[in-house]
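# Architecture and fold: a report
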Amino acid sequence: MIKIISMSKRKKNKNSVQEFIGIETFTKRGLKTKYGELVYFLISPTNISVLSNENIKLKIRHLMQVLSAQPNIEITCIDSCERFDDNKNFMLQRKNRETNPAVCDCLSKDIDYLDNIQIEMSTARQFMFSVRFRKEKDEQIFNRINRVQKAISEQGFEVRRLEKDDIKRFIAIYFGASMQGELIPDIDGKDCFDEEKIKKAFA
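Residues numbered from 1 in each chain as written. Predicted model: local features only at pLDDT ≥ 70, side-chain atom pairs only at ≥ 80, totals over all residues. Heavy atoms only, no water.

### Some remarks on the environment of lysine 34
Basically, it comes down to this: In this text, helices come from DSSP runs of H or I with a minimum length of four residues, and strands from runs of E with a minimum of two, each type numbered from the N-terminal end. For every residue, the accessible area (1.4 Å probe, protein chains only) is compared with the maximum for its type, and the residue is labelled buried under 20%, exposed over 50%, or partly exposed between those bounds.
Of note, lysine 34 is situated in the loop between strand 2 (31-33) and strand 3 (36-43). Here lysine 34 falls in the partly exposed class, since its relative accessible area comes to 48%.

Set out below in structure tokens:
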């Protein structure tokens, strides 16, 4: 028995990854999603391990003041590094099966090397505040962005608004795609086509 699937159903079943994660496109300020436009602010982290208890409490109070002044701010924290767990697991399994002592020694050194990199990079955190806009006008968005950035900096935090390349980088890290997300093209496969030739062909 031949099962006939309608074109509309077939199209519905072929949603892209972009649709799945809810990202629509980049804007001049940030990222447009199906839940609104997101504008990101990168906060330089503070090494609290070298601060006194009193200074840590002061930092917490400053953060609370920012959140009180801007209650709709969303907070994101990600590692600004790659994860090597899969590589390490592969090497450990390979080492357990290996009978050649020289190869075992090489694998042990590789595992130690990955451990050292992970330790060095694990403290490289990125903290971001994001503000969501839904139906606001451009002037309202501009004013809100300035207010948010001012409120954060006034509490002693080093802050800057993320540009397009910064956003692409952190998305790539978040999804484990690359450490150089800013080099990923906006349109997959675009670099394989000559736009000028295509335009001339259909002119």
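### Comments concerning the pattern of salt bridges
Quick note on the threshold: A pairing counts as a salt bridge when a side-chain nitrogen of Lys or Arg comes within 4 Å of a carboxyl oxygen of Asp or Glu.
Applying the stated criterion across every chain yields a total of twelve salt bridges. The partner of arginine 61 in a salt bridge is glutamate 54, with the nearest N and O atoms 3.9 Å apart. Judged by its relative accessible area of 39%, arginine 61 is partly exposed. By sharing partners, the salt bridges in this structure join Lys28, Arg29, Glu37 and Asp138 into a single network.

### Examining the nonpolar core
The line we're drawing: Think of a nonpolar core as a cluster: buried Ala, Val, Leu, Ile, Met, Phe, Trp, Tyr and Cys residues, connected wherever their side-chain atoms sit within 4.5 Å. Contacts are assigned to residue pairs that have any heavy atoms within 4.5 Å of one another.
Counting 14 residues, the largest nonpolar core has Phe41, Ile73, Phe129 and Ile152 as its most contacted members. Mapped onto this core, the elements with two or more residues apiece are strand 3, strand 5 (125-133) and helix 6 (138-154). Considering each element in turn, this core owes the most residues, four residues, to helix 6. Ignoring anything within four residues of it in the chain, the contact list for isoleucine 152 reads Phe41, Ile43, Val66, Ile73, Phe129, Phe157 and Val159. Judged by nonpolar contacts, the second largest core, of eleven residues, contains Leu31, Leu42, Ile167 and Ile171.

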